[in-house]
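Residues per chain, in single letters:
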Amino acid sequence: MQNSADQRALLGEAARRFVTKPLRMMINGQWCDASSGERRDVIDPATGLVVTSVPAGGKADIDRAVTAARSAFEGAWRGVGPSMRERLLLKLADLVEQHADELAELETIDNGKLLSFSRHGDLQLAMDSLRYNAGWATKIEGRTIDPSFAYVPGMRFSAQTLREPVGVVGQIIPWNFPLVMAVWKIAPALAAGCTVVLKPAEDTPLTALRLGELICEAGFPDGVVNIVTGDGTAGAALVDHLDIDKIAFTGSTEVGQAIQRKAADTMKRISLELGGKSPVVILKDADVGQAIQGAAQAVFFNHGQVCTAGSRLFVERPIYDAVVEGLGQVASSFKLGSGFSPDSMMGPLVSHRHRERVLSFIEKGRDEGGELIAGGQCVNEQGWFLQPAVFANTQPSATIFREEIFGPVLSVTPFDGDEAGLSLANDTRFGLGASVFSNDLARVQRFTRGFRAGIVWVNAHNLLDPAVPFGGVRMSGFGKELGHSALDLYTEEKSIIMPI
């Protein structure tokens, strides 16, 4: 494998210049170090070696950022009308597009994902999301109501509603799609007129900081967006802060539960996009070849580090053996390597710590009697690479069936009939995504309506669009990102009643 210097040498001039300069946090339009002076290394997951470092922000830095966001919300940003917010977001989208190659390279060296995915998946979705949300800035509207008030005789009243920005928003994003998650949080908040304190994931801060530079270049007033790098200490300070009106969090269910408990102390508004254990169902009439490829993509995309990963596969018994055999062949065929290599089919997991976690699930799967038919081994001497794993005949009681692994590990289980298939699919505490592969329209309708999930795909999986609401039910959180629903997360409805 290549060493860290080799990986940096693969960057274009702009990305290489970015990672070799001193990186700082953005607070009130200024680039600054952490109050403590401490820094955190940024590790290239393909080599395990240091790429650069960023400030290790803490409570004092969160305090400064929240103060800046509050000042901007009450001051300069309040006077920026909807059409100007729209133009600023469109300008930011144009800048992201101009620097798309650079941002994609930063995402790959930071996260480990394939460069082609970064450039044509993550960057495209980020640009589309900025432009989509820009359009909503001028379309936030209320209603007029003709109330009766029969208990006030002889008087008539009118009523209207307004949708107003919720205020200063703390946003905490994960490491699996760093740039996309930053945009999904920031864009609707700014369209609604909020100000933001963003805390990127500690493992993947680079594209958030580069996005911060582009936000400044686009012309947003100082303090409208603030970016504080650091670990969970900074995130906890954001959740606890008395002057934060709302927390938007994407991450694990366990951390989401802790945020929900803490937010209750100050009655903060919260939206939580949490974990998943998404079912994929293949019915016996499906095109077997297409279904095998679709099921593989559902769980192995982005190295399985996807909240909607289709990690539980249920196959109707007549085609079960053929599907399992095909998936074993697919898993064994993946060529692992650097995201910068055009020959690579899968990059590394994000960190050594995370790979150890995924390996512990694979070992537990074996210990609990799982049939590992492919993969599950570490490969390459450097970097956090793991061959994707397929377990056959997984029992519903197994840990790998029930717990979110967040890695390239698939559990396959046979079933007979629609009732059994839906019962197995819904046998989880999560409810984020689900999919069914079939050409039988009646059965497809039965499954799409029967799944307990926030988003359902037919003959596909993991397809996302800025216009389509995204979010889960049950332990997968609440609050819909994307689409018009995202504006509801960042506005409050006010009612006004007056005599006429």
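Remember, predicted model here, so these are calculated numbers, not experimental data. (Residues numbered from 1 in each chain as written. Predicted model: local features only at pLDDT ≥ 70, side-chain atom pairs only at ≥ 80, totals over all residues. Heavy atoms only, no water.)

For the rest of this paragraph, the subject is the pairing of strand S7 (residues 168–172). Burial analysis of S7 places 5 of its 5 residues in the buried class, the great majority of the element. What you see with S7 is no split at all: Val-168, Gly-170 and Ile-172 on one side and Val-169 and Gln-171 on the other are buried throughout. Where S7 and strand S8 (residues 195–199) come together, 5 bridges link them in parallel fashion. If you follow Gln-171 over to S8, its bridge partner there is Leu-198. Remark: the S7/helix H7 (residues 178–192)/S8 crossover connection has right-handed handedness. (Buried < 20%, exposed > 50% of the residue type's maximum accessible area, 1.4 Å probe, protein only. Helix = DSSP H or I, 4+ residues; strand = E, 2+ residues; numbered from the N terminus. Pairing = 2+ DSSP bridges. Right-handed = clockwise from strand over helix to strand, strands pointing away.)

In this section: the sheet that holds strand S17 (residues 389–392). If you walk across this open sheet you meet the 7 strands as S14-S17-S18-S13-S12-S19-S20, and the pairing is mixed. Of all the strands in the sheet, just strand S14 (371–374) and strand S20 (455–458) have a single pairing partner and so form its edges. Averaged over neighbouring strand pairs, the angle between their axes works out to 25 degrees when direction is ignored. Two strands pair when backbone bridges link them, and strand S13 (residues 312–316) and strand S18 (residues 409–415) are joined in this way by 5 bridges, in the parallel orientation. From the neighbouring strand, Glu-316 faces S18, where its bridge partner is Phe-415. Taken strand by strand, helix H13 (residues 352–367) contacts S14, S17 and S18, and its axis lies near 25 degrees from that of S17. (Axes fitted to C-alpha atoms, helices over the stretch in contact; angles between N-to-C directions. Contact = heavy atoms within 4.5 Å.)

Mapped onto the fold, Ser-397 is located in the loop between S17 and helix H14 (399–402). Along the primary structure Ser-397 and Arg-366 are separated by 31 residues, whereas in three dimensions their C-alpha atoms are 13 Å apart.

Turning next to the nonpolar core. As a rule of thumb, nonpolar side chains are buried together in soluble globular proteins. Formed by 79 residues in total, the largest nonpolar core has its most connected members in Leu-92, Val-96, Leu-190, Leu-211 and Phe-220. For this core, the element with the highest residue contribution is H7, accounting for 12 residues. Core analysis: the second largest hydrophobic core is formed by 30 residues, Ala-296, Leu-327, Met-346 and Val-412 among them. (Core = buried A, V, L, I, M, F, W, Y, C linked by side-chain atoms within 4.5 Å.)

Where H7 contacts helix H8 (residues 206–218), the axes come no closer than 9 Å and their chain directions differ by 45 degrees. With respect to their mutual orientation, H7 and H8 come out oblique. As for how H7 packs across H8, the hand of that crossing is right-handed. Contact residues: H7 offers Pro-178, Leu-179, Ala-182, Val-183 and Ile-186, while H8 offers Thr-207, Leu-211 and Ile-215. (Parallel < 35°, antiparallel > 145°, perpendicular 65-115°, else oblique. Left-handed = near helix turned anticlockwise from the far one by under 90°.)

Let's shift gears to H13. For H13, spanning 16 residues, the distance from its first C-alpha to its last is 22 Å, which sits close to the expected 22 Å at 1.5 Å a residue. Those residues of H13 that sit buried are His-354, Arg-355, Val-358, Leu-359, Phe-361, Ile-362 and Gly-365. Axial view of H13: buried residues confined to an arc of 155 degrees, hence all on one face. Along H13, the residues that are exposed and aim more than 90 degrees away from the buried face are Arg-353 and Asp-367. Buried residues along H13 sit in contact with strand S15 (378–379), strand S16 (385–386), S17, H14 and S18. (Expected span 1.5 Å × (residues − 1). Arc of directions from axis to C-beta.)

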